[in-house]
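Secondary and tertiary structure notes
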Amino acid sequence: MSQPRWRFVVNLGDAHPLEYGGYFVYRDMTGVYGYEAELVELLNENDERSKLRVIRVCLDRLKEVRDGDAVHLVPFTYEATWPHPVHRYEEWFTDKLASIASYVGRTVEDLRASLCSEDGVQRAEAYRNVYDHEGWANGNEYPMTLTMAEAKRRYRSALQRPRTVNDRKLDKLKKEARSAAGYRGHTLKRFVTHYSKTRAITECRECACYVQVNAAPLPNETAIGGDAVAIGCIGSKKKEEVANGKM
Ligand SMILES: [Zn+2]
């Protein structure tokens, strides 16, 4: 077989994938190997110099085979002429599809259709649902570990994608929030981006104060809000009291 030539298709993870988690989809341009994806996350999200864990998974296309009331999910290449009964070729997560689907707020039919889709990006979303629920070790037991410099080289083409207006607004707001909270004595952790991609939230390392930034605030919302920009830091004492239920 020829060697695959992987081309980056899309990042389905965060807009800042090396800081907040990326999910990069690749397609083999020779057409032999289909699609694969890499989940990338910091080993320790509280450490800016942390290494990254990379889990590469196959995004094999599946096929639905109906047998009376039962629906079997089998490899796309399956044929009725294969020697064993169809259920012997079933994917390992088939009986867990209902709990996976409800976990991510989809219907089983929709999830199944995505796993059988010709579109590798749809399959990437569906496999992410499966592994988020069942554990990524099911996709690949041998994660890679990269330094930040290695990751920047590996994902160079993916990181060159143009930044949206929202990305730039959020960057600016995060910087302002960090400085306003710092003025009040807080040390903020990394921001976590909401799935809407217009909001991000974080909290102080020392106390329980939080701050949220919003690149597209409604008329009754603020661009930067939270107690970390309103009140001073009282250190770890507050965190302990919250943990003990005294506040
Ligand atoms: Zn604080």
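Residues numbered from 1 in each chain as written. Predicted model: local features only at pLDDT ≥ 70, side-chain atom pairs only at ≥ 80, totals over all residues.

**A short note on the sheet that holds strand β7 (residues 144-146)**
Strands sit in the order β1-β2-β3-β4-β7 across an open sheet of five strands; the sheet is antiparallel. Two strands close off the open sheet at either side, each with one partner strand: β1 (6-11) and β7. Sheet twist, expressed as the mean angle between neighbouring strand axes with direction ignored, is 30 degrees. Sheet topology places strand β4 (residues 52-58) next to β7; three bridges connect them, and they run antiparallel. In the sheet register, Arg53 faces β7, and the bridge partner there is Thr145. (Pairing = 2+ DSSP bridges. Helix = DSSP H or I, 4+ residues; strand = E, 2+ residues; numbered from the N terminus. Axes fitted to C-alpha atoms, helices over the stretch in contact; angles between N-to-C directions.)

**A few points about the packing of helix α3 (residues 108-115) against helix α4 (residues 120-134)**
Where α3 meets α4, the closest approach of the two axes is 7 Å, and the angle between their N-to-C directions is 125 degrees. Considered as vectors, α3 and α4 are oriented oblique to each other. Viewed along their axes, α3 and α4 form a crossing whose handedness is left-handed. Listed contacts from α4 to Leu111, Ser114 and Leu115 of α3 are Gln122, Arg123, Glu125, Ala126 and Asn129. Its residues assigned to classes, the contact of α3 with α4 comprises three nonpolar, three polar and two charged. (Parallel < 35°, antiparallel > 145°, perpendicular 65-115°, else oblique. Left-handed = near helix turned anticlockwise from the far one by under 90°. Contact = placed C-beta atoms within 7 Å. Nonpolar A, V, L, I, M, F, W, Y, C, P; charged D, E, K, R; others polar.)

**Notes on the nonpolar core**
By size, the foremost hydrophobic cluster in this structure holds 29 residues, and its most contacted members are Phe24, Ala37, Val40 and Tyr127. Of all the secondary-structure elements, those providing two or more residues to this core are β2 (22-28), β3 (35-42), β4, β6 (70-75), α2 (97-104), α3 and α4. Apart from the residues lying within four places of it in its own chain, the contact partners of Ala37 are Tyr23, Phe24, Val25, Tyr26, Val57, Leu59, Ala124 and Tyr127. One finds Leu173, Leu188, Val213 and Val229 within the second-largest nonpolar core, a separate group that totals 15 residues. (Core = buried A, V, L, I, M, F, W, Y, C linked by C-beta atoms within 7 Å. Buried ≥ 20, exposed ≤ 12 C-beta atoms within 10 Å, placed from the backbone.)

**Overview of the domain arrangement of the protein**
The assigned domain composition of the protein is domain 1 (6-158) and domain 2 (165-238). The distance between the C-alpha centroids of domain 1 and domain 2 comes to 32 Å. Contacts between the two partners involve six residues from domain 1, matched on the other side by six residues from domain 2. (Domains from an automatic or database assignment.)

**Describing the sheet that holds strand β10 (residues 210-214)**
In space, the four strands of this open sheet follow the order β8-β9-β10-β11, with antiparallel pairing throughout. If you trace the sheet from one side to the other, it starts and ends with β8 (192-193) and β11 (224-225), each paired once. Where β8 lies against strand β9 (residues 199-203), two bridges are found, and the strand directions are antiparallel. Bridge assignment links Val192 to a residue of β9, and that residue is Ile201. Along the sheet face, helix α7 (residues 165-183) touches β9, β10 and β11 and points at about 155 degrees away from the line of β10.

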